[in-house]
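# Residue-level structure breakdown
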Amino acid sequence: AQSVDQPDAHVTLYEGASLELRCSYSYSAAPYLFWYVQYPGQSLQFLLKYITGDAVVKGTKGFEAEFRKSNSSFNLKKSPAHWSDSAKYFCALNTGGADRLTFGKGTQLIIQP
Amino acid sequence: EAAVTQSPRNKVTVTGGNVTLSCRQTNSHNYMYWYRQDTGHGLRLIHYSYGAGNLQIGDVPDGYKATRTTQEDFFLLLELASPSQTSLYFCASSDSWGVAETLYFGSGTRLTVL
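Residues numbered from 1 in each chain as written. Chains lettered and ligands numbered in written order. Predicted model: local features only at pLDDT ≥ 70, side-chain atom pairs only at ≥ 80, totals over all residues. Heavy atoms only, no water.

Moving on to the layout of surface pockets. Where empty space is left in the structure can be found by rolling a water-sized probe over the atoms. Considering only enclosed or pocket space, the largest pocket measures out at about 560 Å³ in volume. Taken together, 26 residues line the largest pocket, and the ones lying closest to its centre are Gln38(A), Lys88(A), Gln37(B), Leu88(B) and Arg110(B). Listing elements by their share of the lining of the largest pocket, those giving two or more residues are strand 10 (87-94) of chain A together with strand 9 (87-94) and strand 11 (109-113) of chain B. No other element matches the three residues that strand 9 of chain B contributes to the lining of the largest pocket. (1 Å grid on protein atoms, 1.4 Å probe; cavity = no way out; pocket = protein on both sides within 12 Å on 5 of 7 lines; lining within 4 Å. Points joined across faces, edges and corners; volume = space filled by probe spheres on them. Helix = DSSP H or I, 4+ residues; strand = E, 2+ residues; numbered from the N terminus.)

See the structure below:
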């Protein structure tokens, strides 16, 4: 069965630092990977996705993610981080359609000024 | 910009109570979903639908019913609410079912069952 692991429940950084949120997945076939962000008091918003092609995908708000098949990872990156990036970030894996979207537990990111 | 509206924003009920959560999307999307979000878990799929009158079972359907009355409206029903159903519920929609589809989420309903 497929799974998504976000090993860091919380990450705290200072503004201006580089951020990298980790995501690993378990799936034997080609993965379709997503990042969603949930700002305080708001709903989840789509950030970016990897379907095929270039390993580095760029999304909104200056974020990018790198797909690494060698270690089954899809880490989210941004440099520099801004205080407004404080939010909860979810990695997700789709293996076959509407009912096959698996979310990780999320990483709470706090950017200190 | 996709618009998915949930109501109510907050709901408190007692064990055994009857609760209906509402969701409306105005983007002519075919697919709609109900998820629950709990600490220590990612979002978990309760039910979903690919059109009016259609209902599909998700990963955690026990204790929940759902109904899709129109393309726009999708309801989640808890007929005998239990404390274990205290959670943050999200509705979402997408244009199709494909693996690359982006989901558009509502703002959530926080349900507390006492």
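Before going further, it helps to examine the packing of aromatic side chains. This structure, assessed with the given rule, holds 18 aromatic pairs over all chains. Ring centres of Tyr36(A) and Phe103(A) lie 6.0 Å apart, and the angle between their planes is 50°; on these two criteria the pair is classed as tilted. Placement of the pair is Tyr36(A) in strand 5 (residues 32-38) and Phe103(A) in strand 11 (residues 101-103), with a sequence separation of 67 residues. Residue Tyr36(A) shares its accessibility class with Phe103(A), and that shared class is buried. Chaining the aromatic ring pairs together yields one cluster made of Phe34(A), Tyr36(A), Phe46(A), Phe103(A), Tyr31(B), Tyr33(B), Tyr35(B), Tyr48(B), Tyr50(B), Phe90(B) and Phe105(B). (Phe/Tyr/Trp six-rings, centres within 6.5 Å; stacked < 30°, edge-to-face > 60°. Buried < 20%, exposed > 50% of the residue type's maximum accessible area, 1.4 Å probe, protein only.)

As a further point, take unusual backbone geometry. The omega torsion across Ser79(A) and Pro80(A) is -5°, close enough to zero to call that bond cis. With respect to the element layout, Pro80(A) can be found in the loop between strand 9 (73-78) and strand 10. Following Ser7(B), the chain continues to Pro8(B) via a peptide bond in cis, the omega torsion being -5°. For Pro8(B), the position within the fold is in the loop between strand 1 (4-7) and strand 2 (10-13).

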